[in-house]
Amino acid sequence: MKEQNKKTYYVSIAQGEISQVKTASPWDFQIEATDEEIIQLREYFDQNYSSDWQAFWRAHVPYIQYHYDRENDAYDDTMKKIYQLIYKLGNEEARQHIRSMGWVQE
């Protein structure tokens, strides 16, 4: 199987955006990724968007504590996957920043 060409993308964590245009919007990380890797990252962002809405509605049930909340657990797990994938695909600056945040261990 032939290796796909990687392209440069700019990722915003807070907005869940992935762009090939550096100046399109503020971004956090620069990565080099294949189409399949971008599809995977997009799926992670979509999962978190869904988990975030579920958590929003659950937040109106005050007797459930955060650490017993499946939606928050799902969101946290997906954030780990997002940071691990960005770490794998990111430039040295991205990897260094993610290491400093404690999201990955080498």
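Calculation notes
- Residues numbered from 1 in each chain as written.
- Predicted model: local features only at pLDDT ≥ 70, side-chain atom pairs only at ≥ 80, totals over all residues.
- Heavy atoms only, no water.
- Helix = DSSP H or I, 4+ residues; strand = E, 2+ residues; numbered from the N terminus.
- Buried < 20%, exposed > 50% of the residue type's maximum accessible area, 1.4 Å probe, protein only.
- Areas by Shrake-Rupley, 256 points an atom, 1.4 Å probe, with all protein chains shown as cover.
- Polar contact = N/O pair within 3.5 Å; in protein donor to acceptor, adjacent residues only side chain to side chain.
- Contact = heavy atoms within 4.5 Å.
- Phe/Tyr/Trp six-rings, centres within 6.5 Å; stacked < 30°, edge-to-face > 60°.
- Pairing = 2+ DSSP bridges.

### Here we look at the overall build of the protein
A tally of helices and strands in the protein yields 3 helices and 3 strands. Secondary structure elements of the protein, listed N to C terminal, follow the sequence β-β-β-α-α-α. Here the protein holds 106 residues, and the buried ones make up 33% of them. Total accessible area computed for the protein in this model is approximately 7,500 Å², and 50% of it derives from carbon and sulfur atoms.

### Observations concerning the side chain of Glu37
When you line up the elements, Glu37 lands in helix 1 (residues 35–58). Of the polar contacts made by the side chain of Glu37, one reaches the side chain of Lys6; its length is 3.4 Å. In this structure, Glu37 is in contact with Lys6, Glu32, Leu85, Lys88 and Leu89, ignoring residues within four places of it in sequence.

### Details of the packing of aromatic side chains
Taken as a whole, this structure holds 2 aromatic pairs when the rule is applied. Ring geometry for Phe29 and Tyr83: centres 6.2 Å apart, planes at 90°, overall edge-to-face. A residue pair is termed long-range when its members are at least 10 positions apart, and Phe29 in strand 3 (residues 29–33) and Tyr83 in helix 2 (residues 70–89) qualify at 54 residues. For the pair shown, Phe29 and Tyr83 are each scored as buried.

### A short note on the pairing of strand 1 (residues 7–12)
Bridge count for strand 1 against strand 3 is 5 bridges, and the pairing is antiparallel. Considered in strand 3, the bridge of Thr8 is made with Glu32. Sheet topology places strand 1 next to strand 2 (residues 17–19); 3 bridges connect them, and they run antiparallel. Looking across to strand 2, one finds that Ser12 is bridged to Glu17. The hairpin turn running from strand 1 into strand 2, its antiparallel successor, is 4 residues long, and Gly16 in that turn takes a positive phi close to 65°.

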